Amino acid sequence: MTDRLLLVRHGVTTWNREGRFQGHLDPPLDPIGVEQARLLGTRLAAEEHGPIRIVTSPLTRASATAALLADARRRTGRETEVETHDGLMEIGQGDWSGRTHTEIARDDAERYAAWRAGGGQVTPPGGETLEAATNRIVAALDELTTDGEATLCLVSHGGILRLAAGHLLGLPALEAWALDVDNASVSRLTWQAAGEPWRIEAWNDTAHLLGHAALHDESEGAPLAL
């Protein structure tokens, strides 16, 4: 049974910095994102209770981050395999995928304004509903936390990690959506008891990026680059 969770958001991509919806599309880490992931890997590998099991979204920006975390552990003599799980994929953004917030605000103004005001509750045209995405990540969490090592590291995406937090911490949807989840951040949760919310040790920790470009791609408490 897992008693400790590390929730990691992938390193930054060019699309993150452009404010471009990624969703199920697959842009890679940019050079800064690679360096962010290396710094995070070095930090986690140096910790006494670093990740034992690493499971990642199959999208490249997450799986490349996870690979760099595992590489850092191997350099300390602890072999760690990386697993993939489709349940950790980002929320599908449909017709908004690949487009910037500026473009969508211009071309789909009414729906975009409702999406911004409603904490992501409005589904982009052709996109994945929050209900479907929530069901997906909850099923993945239930599976992975009951069939794994004591410490589990999940490497995923800003939107889906907010939904995960809502489930794990028992937060209302709008409160969970407003959480900061920066690129290459790690959030640490510990299990308390059956039926109880998980306890936060740290949320959105980016101390390993001090002196580097820790990019914060949020605006007024809402995600800008899913």
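All values reported here derive from a predicted model rather than from experimental measurement. (Residues numbered from 1 in each chain as written. Predicted model: local features only at pLDDT ≥ 70, side-chain atom pairs only at ≥ 80, totals over all residues. Heavy atoms only, no water.)

### Quick notes on the pairing of strand E5 (residues 186-190)
Link 1 in the chain: A large share of E5 lies buried, amounting to five of its five residues.
Link 2 in the chain: Every second residue of E5 is oriented toward a common face, with Val-186, Arg-188 and Thr-190 on one face and Ser-187 and Leu-189 on the other, all of them buried.
Link 3 in the chain: As paired elements, E5 and strand E6 (residues 199-205) share four bridges and run antiparallel to each other. Bridge pairing in E6 links Leu-189 to Ile-200. (Buried < 20%, exposed > 50% of the residue type's maximum accessible area, 1.4 Å probe, protein only. Helix = DSSP H or I, 4+ residues; strand = E, 2+ residues; numbered from the N terminus. Pairing = 2+ DSSP bridges.)

### A closer look at the sheet that holds strand E3 (residues 82-84)
Link 1 in the chain: Spatially, six strands are ordered E3-E2-E4-E1-E5-E6 in an open sheet, and the strand pairing comes out mixed. Either end of the sheet is taken by a strand with one partner, and the two such strands are E3 and E6. In this sheet, adjacent strand axes meet at a mean angle of 20° when their direction is disregarded.
Link 2 in the chain: As judged from the three bridges shared by strand E2 (residues 53-56) and E3, these two strands associate in the parallel manner. Paired with Ile-54 across the two strands is Val-82, which belongs to E3.
Link 3 in the chain: The strands touched by helix H6 (residues 130-146) are strand E1 (4-9), E2 and strand E4 (151-156); relative to E4, the strand with the most contacts, the crossing angle is about 150°. (Axes fitted to C-alpha atoms, helices over the stretch in contact; angles between N-to-C directions. Contact = heavy atoms within 4.5 Å.)

### Brief notes about the side chain of Asp-205
Link 1 in the chain: By secondary structure assignment, the location of Asp-205 is in strand E6.
Link 2 in the chain: Accessibility expressed as a relative area gives 16% for Asp-205, which makes it buried.
Link 3 in the chain: Within the local environment of Asp-205, its side chain forms a polar contact with the backbone nitrogen of Ala-207, the two atoms lying 2.9 Å apart.
Link 4 in the chain: Non-local contacts of Asp-205, meaning those with residues more than four positions away in its chain, are made with Arg-43, Ala-184, Ser-185, Val-186 and Arg-188. (Polar contact = N/O pair within 3.5 Å; in protein donor to acceptor, adjacent residues only side chain to side chain.)

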